[in-house]
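Chain residues, written in single-letter form:
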Number of protein chains: 2
Amino acid sequence: MNSLRADAVRNREHIADIARQLFREKGYDAVSMDEVAKTAGVGVGTLYRHFPTKEALYDAAIQAWVETVNAAAAKSLAGEGSPRDRLLAWFQAYVEFLTRHKGAAWRITSALGDEGSPFATKCRTYLDANQRVIDALAAEGAMRRDVDAMQLCRLVGGVAAVVDNSDLDAEAAKSMLAVVADGVLAD
Amino acid sequence: MNSLRADAVRNREHIADIARQLFREKGYDAVSMDEVAKTAGVGVGTLYRHFPTKEALYDAAIQAWVETVNAAAAKSLAGEGSPRDRLLAWFQAYVEFLTRHKGAAWRITSALGDEGSPFATKCRTYLDANQRVIDALAAEGAMRRDVDAMQLCRLVGGVAAVVDNSDLDAEAAKSMLAVVADGVLAD
DNA sequence: TTGCTAAACGGAGACACCCTCCGTATTGTG
DNA sequence: CACAATACGGAGGGTGTCTCCGTTTAGCAA
């Protein structure tokens with residue numbers, strides 16, 4: 001049923017691998033499509049047949065690690081400790097994911113609420129995970145009533161974007177996330 | 001003593017005016033230098049003699065409104081109300097300033113801590129204003145001890161960037177800023 | 001194996017962007 | 001009024017994303 005030719009499949013995966021490596025090292029803006037093509041040993045035409053835009057390529061490159069976010073959320077929730085500790089742990093994992101590839105945090109956070117974006121499915125994943133965390137903590141009466149997942153995604157995504165952009169260390173990230181956590185937890 | 005020719009002064013101001021208008025309407029990325037030159041009725045050469053880079057032009061275009069931030073900080077501090085209300089009012093004014101020009105919030109927040117950036121002086125202004133607000137509230141014992149101006153600039157700047165990027169309304173901005181405010185105020 | 005067709009390939013080049021260079025035009029001073 | 005000194009304009013260099021199309025190759029059928 002798969003009408004793709006074997007060489008096409010091979011090339012597609014190879015290109016995505018190379019792109020993942022390059023984006024991770026240098027960040028979105030610093031990697032050109034020509035560079036990806038040359039490094040992968042293919043022509044730009046081939047590159048563009050597999051990935052119609054640079055954003056689509058980026059989306060494919062960061063696909064794998066995004067899928068693990070659900071596991072991280074579940075793990076944070078199952079952990080021991082106070083609601084604050086668990087919320088903070090989740091936030092930290094979330095930021096770590098978002099900043100894993102330079103430039104990804106801002107691109108994904110920017111796409112929140114934009115259904116047409118190539119990152120829409122990733123946003124959905126994040127939103128859902130956040131929602132589950134909120135629900136779990138709310139069930140214990142630990143959350144304020146008026147916080148919603150989108151708001152939290154934006155807040156934490158904003159922190160992640162700043163952390164990514166300014167190359168802040170984990171400690172600085174944690175102190176900012178603590179502010180957010182204290183702001184959304186019930187008094 | 002001013003060695004600038006009259007036509008040069010005229011052109012410089014005219015270009016800055018046009019650029020301010022264009023940037024405000026369309027955002028940084030969506031305005032090209034060719035467009036600014038054409039709209040202003042000058043050649044690109046002239047444009048680049050007055051403003052050596054696009055960022056320098058942007059900096060000049062947003063100069064005026066940044067200078068009023070100090071007044072806004074003072075006003076927010078002098079206002080009546082609880083520490084929370086006053087802090088929130090300042091945050092809202094801050095975000096309003098940052099989002100006045102599309103794209104400015106992220107650019108300025110990104111430049112925090114980068115002394116070499118063309119926006120360094122604007123960052124300084126914001127940092128200082130935030131520091132004054134923190135000091136005033138801390139003197140009343142309303143602030144947590146461990147928050148600093150840079151951290152706050154980043155948090156609020158991150159919110160501003162998200163608000164700007166997603167075209168959120170004032171209400172959405174306020175609810176996010178309330179989270180930050182509650183996170184930094186003493187329990 | 002061989003022949004054929006649909007699919008995939010590669011890279012020249014279109015277009016847009018930021019910015020530079022230099023011949024031309026203008027200003028204002030002696 | 002002449003003549004530096006200064007400012008002007010726009011062609012074009014370098015780099016980026018993306019398209020188009022002639023060429024090559026994979027996979028199947030005889």
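Rules used throughout
Residues numbered from 1 in each chain as written. Chains lettered and ligands numbered in written order. Predicted model: local features only at pLDDT ≥ 70, side-chain atom pairs only at ≥ 80, totals over all residues. Heavy atoms only, no water. Helix = DSSP H or I, 4+ residues; strand = E, 2+ residues; numbered from the N terminus. Buried < 20%, exposed > 50% of the residue type's maximum accessible area, 1.4 Å probe, protein only. Contact = heavy atoms within 4.5 Å. Core = buried A, V, L, I, M, F, W, Y, C linked by side-chain atoms within 4.5 Å. Near = heavy atom within 4 Å. Polar contact = N/O pair within 3.5 Å; in protein donor to acceptor, adjacent residues only side chain to side chain. Buried area = accessible area lost by both parts, 1.4 Å probe. Salt bridge = Lys/Arg side-chain N within 4 Å of Asp/Glu carboxyl O. 1 Å grid on protein atoms, 1.4 Å probe; cavity = no way out; pocket = protein on both sides within 12 Å on 5 of 7 lines; lining within 4 Å. Points joined across faces, edges and corners; volume = space filled by probe spheres on them. Nonpolar A, V, L, I, M, F, W, Y, C, P; charged D, E, K, R; others polar. Least-squares fit on C-alpha atoms with pLDDT ≥ 70 in both. Axes fitted to C-alpha atoms, helices over the stretch in contact; angles between N-to-C directions. Parallel < 35°, antiparallel > 145°, perpendicular 65-115°, else oblique. Left-handed = near helix turned anticlockwise from the far one by under 90°. Expected span 1.5 Å × (residues − 1).

S.K.: Account for the overall build of chain A, with residues named and values stated.
M.R.: Scanning chain A for helices and strands turns up eleven helices and zero strands. Walking chain A from its N terminus toward its C terminus, one meets helices and strands in the order α-α-α-α-α-α-α-α-α-α-α. Overall, the C-alpha framework of chain A stretches about 60 × 40 × 30 Å when taken along its three principal axes. Going through the 187 residues of chain A one by one, you find that 49% of them count as buried. Within chain A, contacts between residues separated by at least 24 positions form 69% of all contacts whose residues are at least 6 apart in sequence.

S.K.: Could you give me a rundown of the nonpolar core, with the residues and numbers involved?
M.R.: Counting 141 residues, the largest nonpolar core has L87 and Y126 of chain A together with L87 and Y126 of chain B as the members making the most contacts within it. Ignoring any residue separated from it by four or fewer positions in sequence, one finds L87 of chain A in contact with V133, L137, M143, A181, V184 and L185 of chain A.

S.K.: I'd like to hear about the protein's contact with DNA strand D, residue by residue, with values.
M.R.: As a structural note, the neighbourhood of DNA strand D is formed by 24 residues, with M33 of chain A together with R5, N11, G45 and T46 of chain B the closest of them. Among all atoms of DNA strand D positioned within 4 Å of the protein, those belonging to sugar or phosphate total 60%. In the environment of DNA strand D, a phosphate oxygen lies 2.8 Å from a nitrogen or oxygen atom belonging to the side chain of K54 of chain A. Counting residues per element, the ones that place at least two in the surface near DNA strand D are α1 (6–26), α2 (33–40) and α3 (44–50) of chain A together with α1 (6–26) and α3 (44–50) of chain B. With five residues, the top contributor of residues to the surface near DNA strand D is α3 of chain B.

S.K.: Can you lay out unusual backbone geometry for me, pointing to particular residues and giving the numbers?
M.R.: Positioned with a positive phi, D167 of chain A is a non-glycine residue whose angle comes to about 50 degrees. One can find D167 of chain A in the loop between α10 (149–165) and α11 (170–184).

S.K.: Describe in detail the interface of chain A and chain B, supporting the description with residues and values.
M.R.: Tallying the contact residues gives 22 residues for chain A and 22 residues for chain B. Taken over both partners, the interface formed by chain A and chain B buries close to 1,900 Å², and the fraction arising from carbon and sulfur atoms is 67%. When the buried surface of chain A facing chain B is broken down by residue, W106, R154 and V179 of chain A rank first, second and third, together holding 31% of it. At the junction of chain A and chain B, the tally comes to two salt bridges.

S.K.: How would you sum up the layout of surface pockets? Please name residues and give values.
M.R.: A volume near 1,000 Å³ is recorded for the largest pocket. D29, W106 and R107 of chain A together with D29 and W106 of chain B are, among the 38 residues lining the largest pocket, the residues nearest its centre. In this structure, the second largest pocket is lined by R144, D182, L185, A186 and D187 of chain A together with R144, D182, L185, A186 and D187 of chain B. A per-class count over the lining of the second largest pocket returns four nonpolar, no polar and six charged.

S.K.: Help me get a handle on the relation of the copies chain A and chain B, residues and values and all.
M.R.: Superposition of chain A onto chain B requires a rotation of 179 degrees combined with a translation of 0.0 Å along the rotation axis, giving an RMSD of 0.2 Å. What the rotation and shift describe, once combined, is the action of a two-fold rotation axis. The share of interface residues of chain A whose copies in chain B are also at the interface is 100%, consistent with both copies meeting through the same surface.

S.K.: Can you tell me about the packing of α10 of chain A against helix α10 (residues 149–165) of chain B, naming the residues and giving the values?
M.R.: With their axes 8 Å apart at the nearest point, α10 of chain A and α10 of chain B run at an angle of 115 degrees to one another. Considering the angle they form, α10 of chain A stands roughly perpendicular to α10 of chain B. Like other packed secondary-structure pairs, α10 of chain A and α10 of chain B cross with a definite hand, here right-handed. Packed against α10 of chain A, whose contacting residues are R154, L155, G158, V159 and V162 of chain A, the element α10 of chain B presents R154, L155, G158, V159 and V162 of chain B at the interface.

S.K.: Could you give me a rundown of the protein's contact with DNA strand C, with the residues and numbers involved?
M.R.: Around DNA strand C, the surrounding shell holds 24 residues, and the nearest of these are N11, G45 and R49 of chain A together with M33 and K54 of chain B. Here, DNA strand C places atoms within 4 Å of the protein, and 58% of those atoms are sugar or phosphate. A distance of 2.4 Å separates a phosphate oxygen of DNA strand C from a polar side-chain atom of N11 of chain A. Interatomic distance of 3.3 Å between a backbone N/O atom of A6 of chain B and a phosphate oxygen of DNA strand C. Of all the secondary structure elements, the ones that give two or more residues to the surface near DNA strand C are α1 and α3 of chain A together with α1 and α3 of chain B.

S.K.: How would you summarise α11 of chain A if you had to cite specific residues and measurements?
M.R.: Between its first and last C-alpha, α11 of chain A extends 21 Å over 15 residues, near the 21 Å set by a 1.5 Å rise per residue. All buried positions along α11 of chain A are accounted for by A173, M176, L177, A178, V179, V180, A181, D182, G183 and V184 of chain A.

S.K.: Provide a residue-level description of the packing of α1 of chain A against helix α4 (residues 54–61) of chain A, including the pertinent values.
M.R.: A packed helix pair is summarised by two numbers, namely the angle formed by the two axes and the spacing between the axes. All names here are of chain A. At their nearest, the axes of α1 and α4 sit 9 Å apart, and the two run at 90 degrees to each other. Our classification of the angle between α1 and α4 gives roughly perpendicular. Here I15, A16, A19, R20 and F23 of α1 lie close against α4, whose contacting residues are K54, L57, Y58, A60 and A61. By residue class, the composition of the contact of α1 with α4 is eight nonpolar, no polar and two charged.

S.K.: Describe empty space enclosed by the protein, with residues and values.
M.R.: This structure, assessed with the given rule, holds one cavity of 30 Å³ or more. Put simply, the largest cavity is a space of about 40 Å³. Along its surface, the largest cavity is lined by R154, L155, G158 and V159 of chain A together with L155, G158, V159 and V162 of chain B. Of all the secondary structure elements, the ones that give two or more residues to the lining of the largest cavity are α10 of chain A together with α10 of chain B. Grouping the amino acids of the lining of the largest cavity by side-chain chemistry returns five nonpolar, two polar and one charged.

S.K.: Could you give an account of the environment of E55 of chain A, with specific residues and numbers?
M.R.: Residue and element names in this part refer to chain A. Here E55 is to be found in helix α4. A relative accessible area of 24% places E55 in the partly exposed class. Not counting residues up to four positions away in its chain, the partners in contact with E55 are Y28, R107, P118 and F119. Reaching out from E55, the side chain makes a polar contact with the side chain of R107 at a distance of 2.7 Å.

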